[in-house]
Amino acid sequence: MTMLTIRKNPPIHPPIHPLEPTGAPWTRCNEAPAPRLTTTVPREYVHRSSLAEVFLTGCDLIGADTFSLTGQWPRAHTFFTSPDGTSHDPVQAGETIRQVGLYLCHAVYGVPLGHNVLLWSLDFASDPDRLRIGRGPSDLVMVATCTDFGWQGSRFSGFLQVDIHRSGRLAATGTARFTCVAPATYRRLRGDRARAGLARPLERRTPIPAAAAGRLLPFDVVLSPTEEEGRWLLSPDLDHPILFEHSNDHHPGMVLVEAARQAACGLRPQDEFVPSGVSTEFEHYAELDAPCWIEATSRTPSTIDVTGHQEGRTIFRSTVTGTGTGTGTGTGARSQHLAGSLVTGSAL
């Protein structure tokens, strides 16, 4: 198997040399050395089927288990955009952190591409002012610090910290904790549910109104209503091109994160609650063939706790932070609070 390696002296990609001189006069096209060309990293390294869903473009080693990565967010993503089209979705920061972890595991630390990743936690916080969509794509510079990355027998695990900078300013920060296992180990963990065709996913139920979930399109809503306030049924469209970008034998972790965000919005629709960060602990797989109930409670005006339950056990726990018209604090005050927290590297 061919894998990229990190050299001690950056850059990873082969240097680009200018063409041999031809004797022609210099022009504005060749006054400066040839720039480093930009492309996405291989989609296989970030577990994406579509090239359009790869947000990373490069990686350099800058210290012991510390890397500088580059990336880009499109201006008009079909899913990771605010309902009014003016800002990037904060959950896109979480997806970007997920991709950073996967890329480093495969391209740098030698985890085989066939291994499965068990995500134990994913936390991210963002500064809403730094998520505003500008006149061009949002170029990103990220610093990733890898702690306790290593093998324990046939398992590879680690803890990842990522800071995402945009236009020289810290836009988001987050962490992830994970374990990578071989396919045989994963099959033992999943049992019959890992076998294709044995599990029959539940049919999708009518979703709650998109506006109540903080989304623009009903297609993007993953929650269905129940008779109890603050309680919903997890019921995404399994053909969704982003949430189910490739086949899965369970609800992916990012679907659960999205469910937490939508539940926070749905709990206080009158406040127009706008999430800016989500902290999630994953305890069990969310199965496709059994009801998964999502419950939300308000802890403070800016903090909402969300849990997922299935077959009598807790699947995940999330804390969603954000702002709302009924919180008593304006957007500016919340942005300043977030900016201060981001500077200290705190995950809200």
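Residues numbered from 1 in each chain as written. Predicted model: local features only at pLDDT ≥ 70, side-chain atom pairs only at ≥ 80, totals over all residues. Heavy atoms only, no water.

Colleague: Looking at this structure, how should I read the overall build of the chain?
Modeller: When helices and strands are counted, the chain shows 4 helices and 12 strands. For the chain, the residues scored as buried account for 47% of the 348 residues in total. Counting only contacts in the chain whose residues sit at least 6 apart along the sequence, the fraction spanning at least 24 positions is 66%. A total of about 17,100 Å² of accessible surface is found on the chain, and carbon and sulfur atoms cover 54% of it. (Helix = DSSP H or I, 4+ residues; strand = E, 2+ residues; numbered from the N terminus. Buried < 20%, exposed > 50% of the residue type's maximum accessible area, 1.4 Å probe, protein only. Contact = heavy atoms within 4.5 Å. Areas by Shrake-Rupley, 256 points an atom, 1.4 Å probe, with all protein chains shown as cover.)

Colleague: Just checking my understanding: could you explain the pattern of salt bridges for this structure?
Modeller: Between side chains of opposite charge, a pair can form as their charged atoms come close. One pass over the full model with this rule turns up 19 salt bridges. The partner of E44 in a salt bridge is R43, with the nearest N and O atoms 3.9 Å apart. R193 serves as the salt-bridge partner of E311, at 3.2 Å between the closest nitrogen and oxygen. Residue E311 is found in the loop between β11 (303-310) and β12 (313-323), and its partner R193 is found in the loop between α2 (183-190) and β7 (223-225); the two are separated by 118 residues along the sequence. The partly exposed category is assigned to R193, whose relative accessible area is 24%. One salt-bridge network, in which partners are shared between bridges, spans R190, R193, D249, E287, D289 and E311. (Salt bridge = Lys/Arg side-chain N within 4 Å of Asp/Glu carboxyl O.)

Colleague: I would appreciate a short explanation of the environment of R231 in the present structure.
Modeller: Its place among the elements puts R231 in strand β8 (residues 231-234). In the structure, R231 is positioned 64 residues away from E295 in sequence and 4.5 Å away in space, judged by C-alpha atoms. In this view, R231 contacts T226, W293, I294 and E295; residues no more than four positions away in its chain are not counted.

Colleague: Just checking my understanding: could you explain the nonpolar core for this structure?
Modeller: Core analysis: the biggest nonpolar cluster contains 72 residues, and Y103 and L104 have the highest contact counts within it. If you tally residues by element for this core, the top one is helix α3 (residues 253-267), at 9 residues. (Core = buried A, V, L, I, M, F, W, Y, C linked by side-chain atoms within 4.5 Å.)

Colleague: Mind showing me how you'd approach α2 here?
Modeller: One full turn of an α-helix is made of 3.6 residues, so residues set three or four places apart face in the same direction. Looking only at α2, the buried set comprises T185, Y186 and R190. Each buried residue of α2 sits inside an arc of 125° when the element is viewed along its axis, so together they form one side. For α2, the elements touching its buried residues are β3 (116-126), β5 (155-166) and β6 (169-181). Immediately beyond the C-terminal end of α2, within one or two residues, lies G191, with a positive phi of roughly 65°. (Arc of directions from axis to C-beta.)

Colleague: What is the right way to read the confidence of the model for the chain from this model?
Modeller: When the pLDDT values of the chain are averaged, the result is 86; 82% of them are 70 or greater. Here residues 1-30 is modelled with pLDDT under 50, and outside its nearest four sequence neighbours on either side it reaches 40 contacts, counting other chains as well. Scored below 50 in pLDDT, residues 327-348 shows 35 contacts in the model against residues more than four places distant or in partner chains. (pLDDT = per-residue confidence, 0-100.)

Colleague: Is there a simple way to explain unusual backbone geometry in this structure?
Modeller: One non-glycine residue with positive phi stands out, namely H47, at about 55°. Topologically, H47 is positioned in the segment before β1 (56-63). One non-glycine residue, D148, lies in positive phi territory at about 55°. Summarising the element assignment, D148 is placed in strand β4 (residues 138-152).

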